[in-house]
Amino acid sequence: MSEIPLTSSVSKGCFVFKSASKKRKRHVGVGGYLLDDKGSDRFRICQKLWETVQMNTEVIQDQLNKKVLDSLAEFIKKPGRGCSSDVWRQRASEIPTAALMLGVNVPDHAMTFRSLCNLLQDSVTPFVVSVHAKECAAVKLLIQKVLEQLMGIGVSEDEEQEDDTASLQRTQCTISALCQWYKTVTKKCTQVSPQRNENLTNRPQSLPVVVIFKDFEAFNSQVLQDFILICSRYTQELPFVFIFGIATSPSAIQHRLPHSVSSLLCIEVFHSLSCTQHLASVFDKLILNSQFPFKLSSRVIQVLVGIFLYHDFSVKNFVKGLQFSMLEHFNSQPLSVLCCQKQEALLSAKTLSKQNVERIRHLPSFMRYVEAQEPQEQVRLLTNDEHVKEVCEKLLKNLHKYHTNYYPILQCLHSLTSSLPKFPLGKHIRELHVSCIEKNLWETEEYGSALQLLGILAKDELVAALRKCAEILKSACTKRMQNVLQQLEDFIGRLEALEGVSSEDSSGNGIISGKMEYQRTDLFQLQKTLLEKESRRTKRMNPFELLRSDVIEFIDSLVREYLTPAELQPLNEVCYYSNSGVLRQRLNVTPRTSIQTALSHPFYYLQNESLKTDTGTISSAAPDLCIVYKLHLECGRLINLYDWLEAFVTVMSAAEDQDTNSEEGGKFDSLKHARFIQAVSEMEFLGFVKSTKQKTDHVARLTWGGC
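Residues numbered from 1 in each chain as written. Predicted model: local features only at pLDDT ≥ 70, side-chain atom pairs only at ≥ 80, totals over all residues. Heavy atoms only, no water.

Across its full length, the protein chain carries 30 helices and 12 strands. Taking all 707 residues of the protein chain together, 45% fall into the buried category. For the protein chain, restricting intrachain contacts to residue pairs at least 6 apart in sequence, the fraction spanning at least 24 positions comes to 74%. Accessible surface, the protein chain: about 38800 Å² in total, of which carbon and sulfur atoms supply 52%. (Helix = DSSP H or I, 4+ residues; strand = E, 2+ residues; numbered from the N terminus. Buried < 20%, exposed > 50% of the residue type's maximum accessible area, 1.4 Å probe, protein only. Contact = heavy atoms within 4.5 Å. Areas by Shrake-Rupley, 256 points an atom, 1.4 Å probe, with all protein chains shown as cover.)

Structure representation (structure tokens):
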């Protein structure tokens, strides 16, 4: 009997085949991909920016959740909540419960619960438990998890273990055991965590036991009911407080729990900020910030925002996409060594290597800059490396100045137009930002509509809008922005100084003042009179309308000067990542297509020369799953299992140079049959086939077409 190859079935595991080359590839670390002629500068800059993104996102998360987390802490600290008073005796069966509405952005919930646990343990109580549904399939497991986290010891599966100090036995995992432990600990509460918070030691009898259900909807309803019923019987001894993390709506509590159980809970609902507000804060702090040197092109922003809006609403995944874009930019662009703060970038420009200087000459934006220069200057830029370095320093200064002036004006324009009817320039600032960096904004119809709507604002509305712009520009540090601020304040003063302007005149609606004479007239005469008055109104503008027109012209001049597209700036490729195709391919993948490609062309994944085949043929050396997959592509909607098995055995016998009808060819029919069943099971698991009731010896095909 010939030896059966151990790597012939994918059902036995995943196997690695060495490539045909004799030289073994050396493993390259993360920093190895970002090494250039200056060492690890790119890796260092990328790592620094990566840490900045992580730190800022955590700060933003804490700031946004501060209000709701503080409200939760106050709810738990309320009199009668978690204390041994008469209130607990009067409402002995009710458990204070906070329904925390977090939204459908489930990946972001972990950070919120981590901040909540830290806050409660630092300022309210050390007895905080957080549980997941996947860890609590039964009531015993749920109680066991609660005891493990509270008591800080493990649970032993050995019933004969005598060392009770190290761990608990499963039979000892009861709420009554927790009561005894709680009474013992609260008597010695001053010794539990005196260094953490002195306020906890002043109230040894008022420390609630907080149980956080992170994914309330995922819990088994019967497990929740039993746990709540058990805990309600111990409320006089254990001051329980529940926190339900809910992703949908408060009605999920009524759907999961019957009235007899939900009536035991004293529920209060808490709402966290929406994920869109969280995303807007991330945009303001990271992307729309001149201090953050790494930038995204309009198409990359659209890809990231599209994944956010149409897939998961997860800001955490959005930040991961931003970090991947950063890593891809620093990996693929050697000139990203200049993507750093202004002073560091200028120092790096002075020490550019000859190879990087040549790369600068090949940048499209730098080539456009060279074409706009005089012939003598063009020759110097193409031949003199030192001159290129000097020009590069000047262009980097201009690029940083462009960003410093761009973002304040962008925020001012958004403040002016975000309250206009139908939002001609977008409701969110990210929409306006995308429009500005990809084309000339003033050439669009939406911009013209926005100016027309601004041109009919009343005096009070216009003054309020200009005051918001002035507040934005006060934080700008450039001299040019301070000059713009002075001009805005001058306009505000002139508008407020206008007196005698009625609401009708300032609204710009052209309501004709004066006493109208009522007399009999025909339709033609009435039309003529109205046209004459309309022409007189358009010819004569009151002082407010003249000043308002000057304000609109001033705003338009700022837009045309400072909100030019980023791609027109020389050396923009240094800090702007624009490869949206790679980003979409990596982040917005299609699993089915990838699986079909792997099953159809296993050579590209396993790197085994024997797996190379012509189009339409099946390699007998391929894994079982690949053979079964290719054979099923030749079938219709219903696949006969026996015919499928015969085709599989034929292919496998070809690999062993045996005849399927011979005695030697049939020795391993049972083994081949088992391998076939395993492969079909994997096909069913992947969703390619399913069992059908139409014919017992057939399976139904679920997909069509293949790679």
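There's more to say after this.
Turning to the nonpolar core, a few remarks are in order. Grouped together as the largest cluster of nonpolar side chains are 108 residues, with contacts concentrated most on Phe294, Phe366, Leu410 and Leu571. Counting residues per element, this core draws most heavily on helix H17 (residues 385–417), at 14 residues. Sequence-distant contacts of Leu410, defined by excluding residues within four places in its chain, comprise Leu288, Ile429, Leu432, His433, Cys436 and Leu563. Ranked by size, the runner-up nonpolar core spans 44 residues in total, among them Met151, Phe216, Phe227 and Phe242. (Core = buried A, V, L, I, M, F, W, Y, C linked by side-chain atoms within 4.5 Å.)

Moving on to the pattern of salt bridges. Across all of its chains, the model carries 16 salt bridges by this definition. A salt bridge links Glu148 to Lys145; the shortest N-O distance between them is 3.9 Å. Of this pair, Glu148 and Lys145 both sit in helix H4 (residues 139–151), separated by 3 residues, roughly a single helical turn. For Lys183, the salt bridge goes to Glu237, with nearest N and O atoms at 3.8 Å. You can see Lys183 sitting in helix H5 (residues 175–187) and its partner Glu237 sitting in the loop between helix H7 (221–232) and strand E6 (240–246), a full 54 residues away along the chain. Shared partners join several salt bridges into a network, and the residues in it are Lys354, Glu358, Arg361 and Asp385. (Salt bridge = Lys/Arg side-chain N within 4 Å of Asp/Glu carboxyl O.)

With that settled, consider the sheet that holds strand E5 (residues 209–213). Here we have 5 strands laid out as an open sheet, ordered E2-E5-E6-E1-E7, and parallel in their pairing. Where the open sheet ends on each side, the last strands, each with one partner, are strand E2 (128–131) and strand E7 (265–271). Strand-to-strand, the axes of this sheet are offset by a mean angle of 20 degrees, without reference to chain direction. Summarising the sheet, E2 and E5 pair through 4 bridges and their orientation is parallel. In the sheet register, Val131 faces E5, and the bridge partner there is Phe213. Running at roughly 140 degrees to E2, H4 makes contact with E2 and E5 of the sheet. (Pairing = 2+ DSSP bridges. Axes fitted to C-alpha atoms, helices over the stretch in contact; angles between N-to-C directions.)

Another point: the packing of aromatic side chains. Applying the stated criterion across every chain yields a total of 21 aromatic pairs. With a centroid separation of 5.6 Å and 90 degrees between ring planes, the pair formed by Phe213 and Phe242 is classed as edge-to-face. Here Phe213 is found in strand E5, whereas its partner Phe242 is found in strand E6, with 29 residues between them in sequence. Considering the side-chain rings of Phe242 and Phe244, the 6.3 Å spacing of their centres and the 25 degrees angle between planes classify their relative orientation as stacked. When sorted by exposure, Phe242 lands in the same class as Phe244, which is buried. (Phe/Tyr/Trp six-rings, centres within 6.5 Å; stacked < 30°, edge-to-face > 60°.)

Caution applies to low-pLDDT regions: their predicted coordinates should not be interpreted in detail. Chain-level pLDDT for the protein chain is 82 on average; 79% of the residues reach the 70-or-more range. When the criterion is pLDDT under 50, residues 1–31 qualifies, and its contacts beyond four places in sequence or with other chains add up to 29 contacts. Every residue in residues 190–205 is under pLDDT 50, and counting partners more than four places away or in other chains gives 23 contacts. (pLDDT = per-residue confidence, 0-100.)

Examined against the element boundaries, Arg548 turns out to sit in helix H24 (residues 543–562). Despite its burial, Arg548 remains without a salt bridge, the nearest opposite charge being carried by Glu545 at 4.3 Å. A distance of 2.7 Å separates a polar side-chain atom of Arg548 from the backbone oxygen of Leu457. (Lys, Arg positive; Asp, Glu negative; His and termini not counted. Polar contact = N/O pair within 3.5 Å; in protein donor to acceptor, adjacent residues only side chain to side chain.)

Among the 5 residues of E5, 5 are classified as buried, and the element is accordingly described as predominantly covered. On E5, burial covers both faces: Val209, Val211 and Phe213 on one face and Val210 and Ile212 on the other are all buried. The sheet contact formed by E5 and E6 spans 5 bridges and is parallel. Paired with Phe213 across the two strands is Phe244, which belongs to E6. Once you follow E5 into H7 and on to E6, the crossover reads as right-handed. (Right-handed = clockwise from strand over helix to strand, strands pointing away.)

Here the focus is the packing of helix H10 (residues 275–287) against helix H11 (residues 298–312). For the pair H10 and H11, the least separation of the axes is 12 Å and the interaxial angle reads 160 degrees. One way to sum up the angle between H10 and H11 is to call them roughly antiparallel. For the crossing formed where H10 meets H11, the hand is right-handed. Judged by residue contacts, Cys275, Thr276, Leu279 and Phe283 of H10 engage Ile301, Val305 and Phe308 from H11. Tallied by class, the residues present in the contact of H10 with H11 amount to 6 nonpolar, 1 polar and no charged. (Parallel < 35°, antiparallel > 145°, perpendicular 65-115°, else oblique. Left-handed = near helix turned anticlockwise from the far one by under 90°. Nonpolar A, V, L, I, M, F, W, Y, C, P; charged D, E, K, R; others polar.)

Before going further, it helps to spend a moment on the sheet that holds strand E11 (residues 689–691). If you walk across this open sheet you meet the 3 strands as E10-E12-E11, and the pairing is antiparallel. Of all the strands in the sheet, just strand E10 (638–640) and E11 have a single pairing partner and so form its edges. On average, adjacent strands in this sheet sit at an angle of 40 degrees to one another, irrespective of strand direction. Across 3 bridges, E11 lies against strand E12 (residues 698–701) in antiparallel orientation. Looking at E12, one finds that Ser691 is bridged to Val699.

Another aspect to go through is a nonpolar patch on the surface. Taken together, the side chains of Ile595, Phe685 and Leu686 present a nonpolar region at the surface, about 300 Å² in accessible area. The topology assignment puts Ile595 in helix H26 (residues 591–600). (Patch = residues over 30% accessible without salt bridge, like charges linked within 9 Å, V, L, I, M, F, W, Y side chains within 5 Å.)

Here the focus is helix H13 (residues 342–350). The set of residues buried in H13 consists of Ala345, Leu346, Ser348 and Ala349. End-on, the buried residues of H13 take up no more than an arc of 160 degrees, which puts them together on one face. Of the residues in H13, the exposed ones pointing more than 90 degrees away from the buried face are Gln343 and Leu347. (Arc of directions from axis to C-beta.)

With that settled, consider unusual backbone geometry. For Phe313, which is not glycine, the phi torsion reads 55 degrees and is therefore positive. By the element assignment, Phe313 lies in the loop between H11 and helix H12 (315–332). Judged by relative accessible area, Phe313 falls into the partly exposed class, the value being 29%.

It is worth spelling out a negative patch on the surface at this point. Negative charge collects at one region of the surface, where Asp643, Glu646, Asp669 and Asp697 lie side by side. Residue position: Asp697 is located in the loop between E11 and E12. (Charge placed at Lys NZ, Arg CZ, Asp CG, Glu CD.)

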